[in-house]
Amino acid sequence: MRYSTQLLLGIVGITVLSQTILGVIAYWIVVDADRSHLIEVLQDRAEQVAQDVVIPMVAGEPEDTALEQSRQHFSPSTDLALIIDSRNIVGIAGPDRDHLDRHVLLQTLLSSGRQPRNQSGMLPLADGDYLWVATPLIGLPYRLVLLERTETQHGTLASKLGSRLFSSGLVVLWFAVWTALLLASLVTRKLNEKNLALRHQVTHDNLTGLPNRTLLYEQLARAIAQPSGLAGNIALLVIDINRFKEINDTLGYDFGDQLLLEIGARIQACLPDNGYISRLGGNEFAVLLTDTNEQQACSHTRHILDCMNTAVCVSQVELEVGLSIGIALFPQHTDDADTLVRYADVAMHQAREHGSRYMLYDGNADTYSLRHLELSAQLRGAIDDGQFVLHYQPKLEMSSGRVAGLEALLRWEHPTHGLIPPDEFISLAEQTGAIEPLTEWVFEEALHFLRKLHKRGTKIGVAVNVSTRSLRDRRLEPCLAELLKRTGIESRFLTLEITESVMMHDISFAQGVLESLHERGIRISIDDFGTGFSSLAYLNHLPVDELKVDRSFVLAMQDSDSDQAIVQTTVELAHTLQCSVVAEGIETARSLEVLREMGCDIAQGYYISAPKPAEEIEQWLEENTAAAGREKTAVT
Ligand code: C2E
Ligand code: MG
Ligand code: MG
């Protein structure tokens, strides 16, 4: 029930109750006063009558009929008149006197004593309550008693009083209702104002006055609850002010507060209509973009970053302020509000770690999820427990159809999560440092398998993927040298596949390491070529033997002329640099054919074979040795 209704009902209830109580009290006061008044009147009358009355006496006793006449004379309105002495009723006058219980009457009257006057009281008789007064008869040993019934008085009194009380009650009630309504509206308005103020306090940040985390979650929940298609996609940006702690420590908290105010205002000023800012706390802001998509979210993010290009001036100090922004998208990344905020936060941390101005959430690099935390902790133990296996995917020479080699691809056979692909755990291994023993294990396993194949007469090479951190590991080269020596494998049979983006990240460093590995005869392949914006000038100086066109281009080639053009250009570029070209991700006979026509050297993909465990690939190799011969004739 609404507060105003409760107040109204309360006041009306209290009014009605107090009216009733007051009415009852008033009634009894009036009844009492009326009784006292009646007694006085009766007494006066009795005294007057007692002076005038003459009682004819017959043999010392008053005569009954004379008494009746006297009653008519002296008390026409009185219900009963008695003459009593100290023991008996000596005379009685009045209607229905026969059924009066004389004994009770007498006992009551006699017990009232013998005071000369002012005797009065109530007398309950069979037909009702009577008021009585007694007064001595002058010169006679009798007392005159007048009785008057009270019931009729009560009835009229109650009805008179009742109607007055009712009408006055109605007036009071009317006032009470209006007062209650007035009070209710006043109180409700005050309460609403208080509630609004309280809500504002709970949902807004004290310093900047911007919405806080609570309100952000409310807005997010509302946006997510919209039927899909109405609100479209949602993007959440978590914005962090770089070096804020340093600024706070150096210039003081007041300065820090002013800076937060200024930056909050700047972000707000450059938001589109569908953008809502909030302060998450500390030096973190969030921006919620509704009805958007990845492209628009990135473009708004860049706009926010551009707004920070001019220096911020606080207390006459000019400061260049940088932001790191993480973006998470609904529903692409998650359909849960909490997770969306967390993902945007993770992306912001990723951006900061990579020194980027902004980053989209990347699940594979998210070391913050529970599963990833669990996997990170288990990585080293899993190497010792033998939970890792290598699968091998063959590569075919396009010209001859011969198996050119195998690519070793790592898998984690997790006891509870099943087979985990490398994309999920390699970055975790890099971050936890487990990548070094893991890479060592991969080399050991791959080269021992290769030795087995070589012994059997299958003289092919193996390619092993190497990550950034492994490349930075100074023990990599001596370790490889020792392993090659131990297994007796010629270094030309080993290829290191290094992702293009990794190599380009720190090109001068990569150049040194790769040159020294290359000098040992180890082949170098640039993996996922086309995704890392290689500088052609650098490419020319790197000791590269092979370019692997990224599978995304090969997969898209069939439907897109531009992807086909990229593949064609890569093939030509590789040949100009005197490298061989591998196309990975060949899934159809058609793409194999197109690549062959383009002059691609080596083919890899599900169409040829999916990556398989060692025993299965051995069998595959046996079966395909004969096929290779047939293929060779077909190709040439
Ligand atoms: P990558 O080196 O580019 O490996 C090729 C990936 O493409 C493999 O995924 C392979 O299974 C997949 N693939 C092969 N043929 C096809 C095809 O026809 N269609 C499609 N759609 N995909 C195909 P995988 O095994 O999940 O490996 C993913 C990435 O993980 C590898 O990409 C590599 O960068 C990395 N990785 C794998 N093993 C290792 C390792 O031992 N060490 C390091 N550092 N990274 C590894
Ligand atoms: Mg590879
Ligand atoms: Mg690749």
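What comes next concerns the included structure. What you see is a predicted model; the values in this text were computed from it and never measured. (Residues numbered from 1 in each chain as written. Chains lettered and ligands numbered in written order. Predicted model: local features only at pLDDT ≥ 70, side-chain atom pairs only at ≥ 80, totals over all residues. Heavy atoms only, no water.)

**Quick look at the overall build of the protein chain**
- When helices and strands are counted, the protein chain shows 21 helices and 24 strands.
- Taking all 636 residues of the protein chain together, 45% fall into the buried category.
- Taking the contacts inside the protein chain whose residues are at least 6 apart along the sequence as the reference set, 65% of them involve residues at least 24 apart.
- About 32400 Å² of surface is accessible on the protein chain, with carbon and sulfur atoms providing 54% of the total. (Helix = DSSP H or I, 4+ residues; strand = E, 2+ residues; numbered from the N terminus. Buried < 20%, exposed > 50% of the residue type's maximum accessible area, 1.4 Å probe, protein only. Contact = heavy atoms within 4.5 Å. Areas by Shrake-Rupley, 256 points an atom, 1.4 Å probe, with all protein chains shown as cover.)

**A closer look at the site of ligand 1**
- Near ligand 1, the surroundings consist of 23 residues, among which R411, N465, D527, E587 and Y606 are the closest.
- Between ligand 1 and the protein, one listed contact pairs a nitrogen atom with a backbone N or O atom of L410 at 3.1 Å.
- Compared with its free state, where it exposes 800 Å², ligand 1 has 89% of that area covered by protein.
- Here the residues of the shell around ligand 1 sort into nine nonpolar, five polar and nine charged. (Near = heavy atom within 4 Å. Polar contact = N/O pair within 3.5 Å; in protein donor to acceptor, adjacent residues only side chain to side chain. Nonpolar A, V, L, I, M, F, W, Y, C, P; charged D, E, K, R; others polar.)

**Looking at the coordination of the magnesium ion (ligand 2)**
- Here the magnesium ion (ligand 2) is held by E407 (OE), N465 (OD1), E497 (OE) and D527 (OD), and the distances to it run 2.0 to 2.2 Å.
- Counting along the primary sequence, the residues that act as donors to the magnesium ion (ligand 2) give the motif E-x57-N-x31-E-x29-D.
- A separation of 4.3 Å is found between the magnesium ion (ligand 2) and the magnesium ion (ligand 3), both of which receive a donor from D527. Here E407 is found in strand 16 (residues 403-414), whereas its partner D527 is found in strand 20 (residues 523-529), with 120 residues between them in sequence. D527 carries the same exposure label as E407, and that label is buried. (Donors = N, O, S within 2.8 Å, 3.2 Å for Na, K, Ca; no water.)

**Some details on the sheet that holds strand 8 (residues 233-241)**
- Across the sheet, which stays open at both edges, the five strands sit in the order 9-10-8-13-14 with mixed pairing between neighbours. Unpaired on one side and paired on the other, strand 9 (275-281) and strand 14 (358-360) mark the two borders of the sheet. For this sheet, the mean angle separating the axes of adjacent strands, direction not counted, is 20°.
- Bridge count between strand 8 and strand 13 (residues 323-330): eight bridges; the pairing is antiparallel. By the bridge assignment for strand 13, L237 is matched with I327. (Pairing = 2+ DSSP bridges. Axes fitted to C-alpha atoms, helices over the stretch in contact; angles between N-to-C directions.)

**Topic: the environment of A589**
- With respect to the helices, strands and loops of the structure, A589 is situated in helix 20 (residues 589-598).
- A relative accessible area of 39% means that A589 is categorised as partly exposed.
- When the C-alpha positions of A589 and I608 are compared, they lie 9.1 Å apart, and in sequence the two are 19 residues distant.

**A word on the coordination of the magnesium ion (ligand 3)**
- Only D527 (OD), D528 (OD), E584 (OE) and E584 (OE) from the protein coordinate the magnesium ion (ligand 3), and they sit 2.0 to 2.7 Å from it.
- Written as a sequence motif, the donor residues of the magnesium ion (ligand 3) are D-D-x55-E.

**Section: helix 8 (residues 294-307)**
- Between its terminal C-alpha atoms helix 8 stretches 20 Å, which fits the 20 Å expected from 14 residues at 1.5 Å a residue.
- Within the span of helix 8, buried status applies to A297, C298, T301, I304 and L305. Down the axis of helix 8, the sector holding all buried residues measures 115°, keeping them to one side.
- Elements that come into contact with the buried residues of helix 8 comprise strand 8, helix 7 (253-269), strand 10 (284-292), strand 13 and strand 14.
- Between the side-chain oxygen at the start of helix 8 and the backbone nitrogen of Q295 there is a gap of 3.2 Å, and the oxygen is on N293. (Expected span 1.5 Å × (residues − 1). Arc of directions from axis to C-beta.)

**Concerning the packing of helix 12 (residues 435-456) against helix 14 (residues 476-487)**
- Contact geometry for helix 12 and helix 14: axes closest at 10 Å, N-to-C directions at 25°. When the axes of helix 12 and helix 14 are compared, the pair comes out roughly parallel. When you trace helix 12 past helix 14, the crossing you get is right-handed. Counting all contacts with helix 12, which are made through E440, F443, E444, L447, H448 and R451, the residues of helix 14 involved are L476, C479, L480, L483, L484, R486 and T487.
- Split by residue class, the contact of helix 12 with helix 14 holds seven nonpolar, two polar and four charged. (Parallel < 35°, antiparallel > 145°, perpendicular 65-115°, else oblique. Left-handed = near helix turned anticlockwise from the far one by under 90°.)

**Looking at the packing of aromatic side chains**
- One pass over the full model with this rule turns up seven aromatic pairs.
- Look at Y343 and Y361: their rings are 3.9 Å apart centre to centre, the planes differ by 5°, and that puts the pair in the stacked class. Residue Y343 is located in helix 9 (residues 337-354), and its partner Y361 is located in the loop between strand 14 and helix 10 (370-384); the two are separated by 18 residues in the primary sequence.
- Overall, Y361 belongs to the buried group, its relative accessible area being 10%.
- Taking 4.5 Å as the distance between ring centres and 25° as the angle between the ring planes, the aromatic pair formed by Y392 and F449 counts as stacked. Of this pair, Y392 sits in strand 15 (residues 388-397) while F449 is found in helix 12, placing the two residues 57 residues apart along the sequence.
- Counting every residue linked through ring pairs, the aromatic cluster contains W174, F175 and W178. (Phe/Tyr/Trp six-rings, centres within 6.5 Å; stacked < 30°, edge-to-face > 60°.)

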